Amino acid sequence: MVKAFGEFLLFLQSMLTRKERLTVLWQRTLDECIVIGINSIFIVAIVSAFIGAVTCVQIAYNLTNPLIPKSTIGYMVREMTILELAPTITSIVLAGKVGSSIAGGLGTMRITEQVSALEVMGINSASYLVFPRILASMLMFPLLVILAMALSIIGGYLAGSLTGALSAQEYVEGIRTDFIPYNIVFALIKSVVFAFLVSAISSFKGFYTQGGALEVGNASTTAVNNSIIAILIADFVLAALLL
C-alpha cells in the first residue's frame, strides 16, 4: 500500500511538470467538462430527486409523535440533503459513471499505445490527458452537487405534498427553519475533495494499465472501488475537521 501511494504521488507530480500551453489545457478541460458534467446531469437529476422524495416519505413515516410539528420533516430533509446525501451520494454515483469512464478510456489508450505515441512526440501525456480531467471534475462536481441539492429538496416537496404527509406550507416552513449558510460551503468543499479523489484515482489506475481488454475492465472496477472507499474515508475526515 505504501508503494502504491508513493507511485500515486509521483504520478501527480509528473502531471504538474512540463505542463501544456494554457490554450491547450483550456480546450481539453472544456471538452472534459462536457463529458464529465453535462453528460451526467440526467443520472444525477434522477437519483437526487428520488432520494429527496424517499427521504421525505420515510421521515414522515417514522415521525408519528403528535407533539413534533410536521415542518420538522422539511427541516430534516434539508439538513440530510445538504450535509450528506447531495455531496456524498452524488459523488458515489459519479464515481461509478465518471470514474469507470476515465479509467477505461486511459487504460484503452495505454494498451493501444496511444499514450506511448504522445510521449514519443515529446508531449507530457500525464499533463495532456490527466490534468484536464482532474480540473474538469473539480469544476463540474460542485455544480452537479448544487443541482442535486435543489432537485432533492424539490423531490421531497413533491412527495410530501402528493402523499399528504404534510402540506406544502409546512414543508417550506421546515426548510426555512434555522438555516446555516456554512452547510452549503461545507458541502461544496466536500464535492471538490471528492472530485479530486475520483478523477485522480481513476486516472492513476487507467494510466498504468498493462495487458489487454480484460485488464482495462479490471482497472475500471478497481478505480470505482478505490474511489468509493476514498470518498467514505474523506467524508468522515472532513466532517470531523470542518463541523
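Residues numbered from 1 in each chain as written. Predicted model: local features only at pLDDT ≥ 70, side-chain atom pairs only at ≥ 80, totals over all residues. Heavy atoms only, no water.

Draft legend 1. Expanded view of the nonpolar core. Of all hydrophobic cores here, the largest spans 44 residues; its most connected members are F11, M15, L129 and V130. Every element with two or more residues in this core is listed here: α1 (2-16), α2 (22-36), α4 (71-111), α5 (114-120), α6 (125-163), α8 (182-207) and α9 (213-242). Take this core: its biggest share by element is 12 residues, from α6. Once residues within four sequence positions are removed from consideration, V130 is found in contact with F11, M15, L106, S125, S203 and F207. (Core = buried A, V, L, I, M, F, W, Y, C linked by side-chain atoms within 4.5 Å. Buried < 20%, exposed > 50% of the residue type's maximum accessible area, 1.4 Å probe, protein only. Helix = DSSP H or I, 4+ residues; strand = E, 2+ residues; numbered from the N terminus. Contact = heavy atoms within 4.5 Å.)

Draft legend 2. Seen up close, the UniProt feature "transmembrane region" (unreviewed entry) in the protein. The feature "transmembrane region" (unreviewed entry), as given by UniProt, occupies residues 34-61, 134-159, 179-202 and 223-242 in the numbering adopted here. Structurally, residues 34-61 is divided into 86% helix and 0% strand, and its ends, taken at the C-alpha atoms, are 40 Å apart. Helix makes up 100% of residues 134-159 and strand makes up 0%, while its end C-alpha atoms are separated by 36 Å. (UniProt positions renumbered as here; feature names shortened; annotations may be inferred.)

Draft legend 3. Representation of the packing of aromatic side chains within the structure. The final tally for this structure, using the stated rule, is 7 aromatic pairs. Between F204 and Y208, the ring centres sit 5.5 Å apart and the planes meet at 65 degrees, which makes this aromatic pair edge-to-face. Arranged with centres 5.2 Å apart and planes meeting at 85 degrees, the rings of F207 and Y208 form a pair that is edge-to-face. You can call F207 buried: its relative accessible area is 4%. Pairwise contacts between aromatic rings join F8, F11, F204, F207 and Y208 into one cluster. Over the ring of F207 we find R110; its NZ or CZ atom is 4.7 Å from the centre of that ring. (Phe/Tyr/Trp six-rings, centres within 6.5 Å; stacked < 30°, edge-to-face > 60°. Lys NZ or Arg CZ within 6 Å of the ring centre and 35° of its normal.)

Draft legend 4. Representation of the pattern of salt bridges within the structure. Counted according to the given criterion, the structure contains 5 salt bridges. A salt bridge links E79 to R78, with the nearest nitrogen and oxygen atoms 2.5 Å apart. Overall, R78 belongs to the buried group, its relative accessible area being 2%. For K190, the salt bridge goes to D235, with nearest N and O atoms at 2.8 Å. You can see K190 sitting in helix α8 and its partner D235 sitting in helix α9, a full 45 residues away along the chain. Assigned by exposure class, K190 and D235 land together as buried. Overlapping salt bridges, with partners in common, bring together R28, E32 and R133 in one network. (Salt bridge = Lys/Arg side-chain N within 4 Å of Asp/Glu carboxyl O.)

Draft legend 5. Here's a closer look at the layout of surface pockets. As a volume, the largest pocket reaches approximately 460 Å³. Lining the largest pocket we find M1, A4, F5, F8, L197, I201, F204, K205, N226, I229, A230 and I233. Those elements giving two or more residues to the lining of the largest pocket turn out to be α1, α8 and α9. When its residues are assigned to classes, the lining of the largest pocket shows 10 nonpolar, 1 polar and 1 charged. Here the second largest pocket is characterised by a volume of approximately 150 Å³. Every residue lining the second largest pocket is listed: E7, F204, K205, Y208, T209, Q210, E215, N218 and A219. (1 Å grid on protein atoms, 1.4 Å probe; cavity = no way out; pocket = protein on both sides within 12 Å on 5 of 7 lines; lining within 4 Å. Points joined across faces, edges and corners; volume = space filled by probe spheres on them. Nonpolar A, V, L, I, M, F, W, Y, C, P; charged D, E, K, R; others polar.)

Draft legend 6. Representation of the packing of α4 against α6 within the structure. Across the interface, α4 lies against α6 with an axial gap of 9 Å and an inter-helix angle of 150 degrees. In this structure, α4 crosses over α6, and the sense of that crossing is right-handed. Judged by residue contacts, R78, T81, I82, A86, P87, T90, S91, L94, I102, L106 and M109 of α4 engage L129, V130, R133, S137, F141, L144, V145, A148, M149, S152 and I153 from α6. In terms of residue class, the contact of α4 with α6 is made up of 15 nonpolar, 5 polar and 2 charged. (Axes fitted to C-alpha atoms, helices over the stretch in contact; angles between N-to-C directions. Left-handed = near helix turned anticlockwise from the far one by under 90°.)

Draft legend 7. How the structure looks around empty space enclosed by the protein. Within the structure shown, the criterion is met by 1 cavity of 30 Å³ or more. Empty space within the largest cavity amounts to approximately 50 Å³. The wall of the largest cavity is formed by V47, S48, I51, L85, A86, I89, T90, A148 and S152. Among the elements of the structure, α3 (41-62), α4 and α6 are those that each provide at least two residues to the lining of the largest cavity. Sort the elements by how many residues they give to the lining of the largest cavity and α4 lands first, with 4 residues. Looking at the lining of the largest cavity, its residues break down into 6 nonpolar, 3 polar and no charged.

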